[in-house]
Amino acid sequence: MQAIYIMLVSAFLWSLYPAVVALSDGKIGAPMFVLVIHLSCGISAALFSLFIIKQKSVVWQNLKTITKSLEFDQWMYLGLIGLVSTLYNFCFVLSMSMTSKAAAAIIIEAWPLFAMLLAPILISKSWTTLTYKDFLTAVIAMIGVLMIMLGSQTNIITIFTDFGSFIDSNDLISILGVLVALIGSLSLALSIVLSAEISNQVSKIVLQQSEPGLDCAFIGEVIRRIIALPPTLFLLIVFFDDISTSLDGFLYASFAGVFIFCIGSMLMTLAILKSPSSTINMLCYISPVLAIIWLYLLEMSDLSPMIIVGGSLVIISNLLIIDKNKRLKKKSV
């Protein structure tokens, strides 16, 4: 039962992210928001790791030795993780300001579908072959995303009847916001899959563990945030006019970095390690549902019937993917 409570707390923390982004709107620029998240998450993850990692000097020496031996393609791999980690946060913040906050929050939850396709390619372990049911699940989710996009528009029919007026309307900005959210969702999937492989390698090479533990997750998180700094600094240069901040904005971003990105991820990993069944993962999907509720209660988003139905399809498709993983694990036992 303890693992279930831990996962529920993690899911609750992650559900707060869309509301935090919405509350910080106008108080801190998107590039600065992303930078504060990376810094606060990385620093807090490093501090947590100091408390749990044994033989710190040995681990540190292994990390230095491996870092010096990295080849060009491995540095490129690490650079890609930093890029997509930064791009996810930036796209989410940007999409929340361009389209329906509820739509942006739900579309981001399409990431497991991208991860389903990317994981067999990017993570070095054995995988089962994707079936037609897996692709059918992806189609269901994409239909849901389309419904969310249409449900976020006020007069979508003008794209066919009066294209000139549509170009000058807010609907075009809203659709672009949906596309930005989709890019963010793909970036999130890449970030999760690529980082999982980093933690996997850290566990085997640095910590020399037979099975990945929480300590490799801590180290992996610190690595991810460090390599995310260069693309984040590039964002600050490109969007120099949007680096304004305030005390409230800084606090919102710091809260997201420490409690959502750091503690939320740590609790999720801990729950998975403690649970005897992978069905514990299904609790994570209360996050998008709770996120929409928080936005609605804060009067920051409307819930149209199409958004509700489309969001339900996306969430159902995610649950189908997890259910498949649960059945595969039972077969392997």
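Below is a summary of the structure that appears in this document. (Residues numbered from 1 in each chain as written. Predicted model: local features only at pLDDT ≥ 70, side-chain atom pairs only at ≥ 80, totals over all residues. Heavy atoms only, no water.)

For the protein, the count of helices and strands is 16 helices and zero strands. Expressed as a percentage of its 333 residues, the buried residues of the protein come to 48%. Counting only contacts in the protein whose residues sit at least 6 apart along the sequence, the fraction spanning at least 24 positions is 85%. Within the structure as shown, the protein displays about 16800 Å² of accessible surface, and the carbon and sulfur contribution to it stands at 71%. (Helix = DSSP H or I, 4+ residues; strand = E, 2+ residues; numbered from the N terminus. Buried < 20%, exposed > 50% of the residue type's maximum accessible area, 1.4 Å probe, protein only. Contact = heavy atoms within 4.5 Å. Areas by Shrake-Rupley, 256 points an atom, 1.4 Å probe, with all protein chains shown as cover.)

This paragraph deals with the nonpolar core. In terms of nonpolar packing, the biggest core is built from 36 residues, with Tyr17, Phe33 and Phe92 touching the most fellow members. Sorting the residues of this core by element identifies helix H2 (17-24), helix H3 (30-52), helix H5 (72-98), helix H6 (101-108), helix H12 (214-227), helix H13 (229-238) and helix H14 (247-274) as the ones contributing at least two each. In terms of residue count, the dominant contributor to this core is H3 (nine residues). When residues no more than four places from it in sequence are discounted, the contact partners of tyrosine 17 are Phe33, Ile37, Tyr88, Asn89, Phe92, Val93, Ala256, Ile260 and Phe261. Formed by 14 residues, the second largest nonpolar core is a distinct cluster that contains Ile53, Ile81, Val84 and Val206. (Core = buried A, V, L, I, M, F, W, Y, C linked by side-chain atoms within 4.5 Å.)

Among the surface-exposed residues, Leu39, Ile43, Leu47, Leu50, Phe51 and Ile52 lie close enough to one another that they form a single nonpolar patch of about 620 Å² accessible area. As for its placement among the helices and strands, isoleucine 52 is situated in helix H3. (Patch = residues over 30% accessible without salt bridge, like charges linked within 9 Å, V, L, I, M, F, W, Y side chains within 5 Å. Salt bridge = Lys/Arg side-chain N within 4 Å of Asp/Glu carboxyl O.)

With that settled, consider H12. Its 14 residues place the ends of H12 20 Å apart at the C-alpha level, agreeing with the 20 Å of an ideal helix rising 1.5 Å per residue. Along H12, 11 of the 14 residues are buried, which leaves the element largely enclosed by surrounding structure. Listed in full, the buried residues belonging to H12 are Asp215, Cys216, Ala217, Phe218, Ile219, Gly220, Glu221, Val222, Arg224, Arg225 and Ile227. (Expected span 1.5 Å × (residues − 1).)

What follows concerns the pattern of salt bridges. The full count for this structure, using the stated rule, is two salt bridges. For arginine 224, the salt bridge is made with glutamate 221, and the minimal N-O distance between the two is 2.9 Å. With a gap of three residues between them, arginine 224 and glutamate 221 both fall in helix H12, about one helical turn apart. What makes arginine 224 buried here is its relative accessible area of 12%.

Another aspect to go through is the side chain of histidine 38. The residue histidine 38 is located in helix H3 in this model. In terms of polar contacts, histidine 38 uses its side chain to reach the side chain of threonine 86, at 3.2 Å. (Polar contact = N/O pair within 3.5 Å; in protein donor to acceptor, adjacent residues only side chain to side chain.)

It is worth spelling out the packing of aromatic side chains at this point. Describing an aromatic ring pair means giving the distance of the ring centres and the angle of the ring planes. The full count for this structure, using the stated rule, is seven aromatic pairs. An angle of 65° between the planes, with centres 5.1 Å apart, marks the rings of tryptophan 14 and phenylalanine 261 as edge-to-face. One end of the pair, tryptophan 14, is in helix H1 (residues 2-15); the other, phenylalanine 261, is in helix H14, and 247 residues separate them in sequence. Take phenylalanine 261: its relative accessible area is 2%, and that puts it in the buried class. Summarising the aromatic geometry, the rings of tyrosine 88 and phenylalanine 261 are spaced 6.4 Å apart at their centres and angled 50° between planes, so their arrangement reads as tilted. With a gap of 173 residues between them, tyrosine 88 in helix H5 and phenylalanine 261 in helix H14 connect regions that are remote in the sequence. Given the relative accessible area of 5%, tyrosine 88 is considered buried. Grouped by ring-pair contacts, the aromatic residues Trp14, Tyr17, Tyr88 and Phe261 constitute a single cluster. (Phe/Tyr/Trp six-rings, centres within 6.5 Å; stacked < 30°, edge-to-face > 60°.)

Turning our eyes to something else, we now look at the packing of H3 against H13. Relative to each other, H3 and H13 sit at 160°, their axes nearing to 9 Å. When the axes of H3 and H13 are compared, the pair comes out roughly antiparallel. Relative to H13, H3 is oriented so that their crossing is left-handed. Within the contact between the two elements, H3 uses Pro31, Met32, Val34, Leu35, His38 and Leu39 and H13 uses Leu229, Thr232, Leu235 and Leu236. (Axes fitted to C-alpha atoms, helices over the stretch in contact; angles between N-to-C directions. Parallel < 35°, antiparallel > 145°, perpendicular 65-115°, else oblique. Left-handed = near helix turned anticlockwise from the far one by under 90°.)

Further remarks concern the packing of H3 against H12. Running from amino to carboxyl end, H3 crosses H12 at an angle of 150°, the nearest separation of the two axes being 8 Å. On the basis of their axis angle, the class for H3 and H12 is roughly antiparallel. For the element pair H3 and H12, the recorded crossing hand is left-handed. Residues His38, Cys41, Gly42, Ala45, Ala46, Phe48, Ser49 and Ile52 of H3 lie in contact with H12, whose contacting residues are Leu214, Asp215, Phe218, Glu221, Val222 and Arg225. In terms of residue class, the contact of H3 with H12 is made up of eight nonpolar, three polar and three charged. (Nonpolar A, V, L, I, M, F, W, Y, C, P; charged D, E, K, R; others polar.)

This next bit is on the side chain of aspartate 215. Within the secondary structure layout, aspartate 215 lies in helix H12. On the basis of relative accessible area, aspartate 215 is assigned to the buried category, the value being 17%. With sequence-adjacent residues up to four places away left out, aspartate 215 is seen in contact with Ile52, Ile53, Leu207 and Gln209.

This part takes up H13. Buried within H13 we find Pro231, Thr232, Leu235 and Leu236. The arc that holds every buried residue of H13, seen down its axis, measures 155°, which confines them to one face. Facing away from the buried side of H13, by more than 90 degrees, are the exposed residues Pro230, Phe234 and Ile237. Buried residues in H13 make contact with H3, H5 and H12. (Arc of directions from axis to C-beta.)

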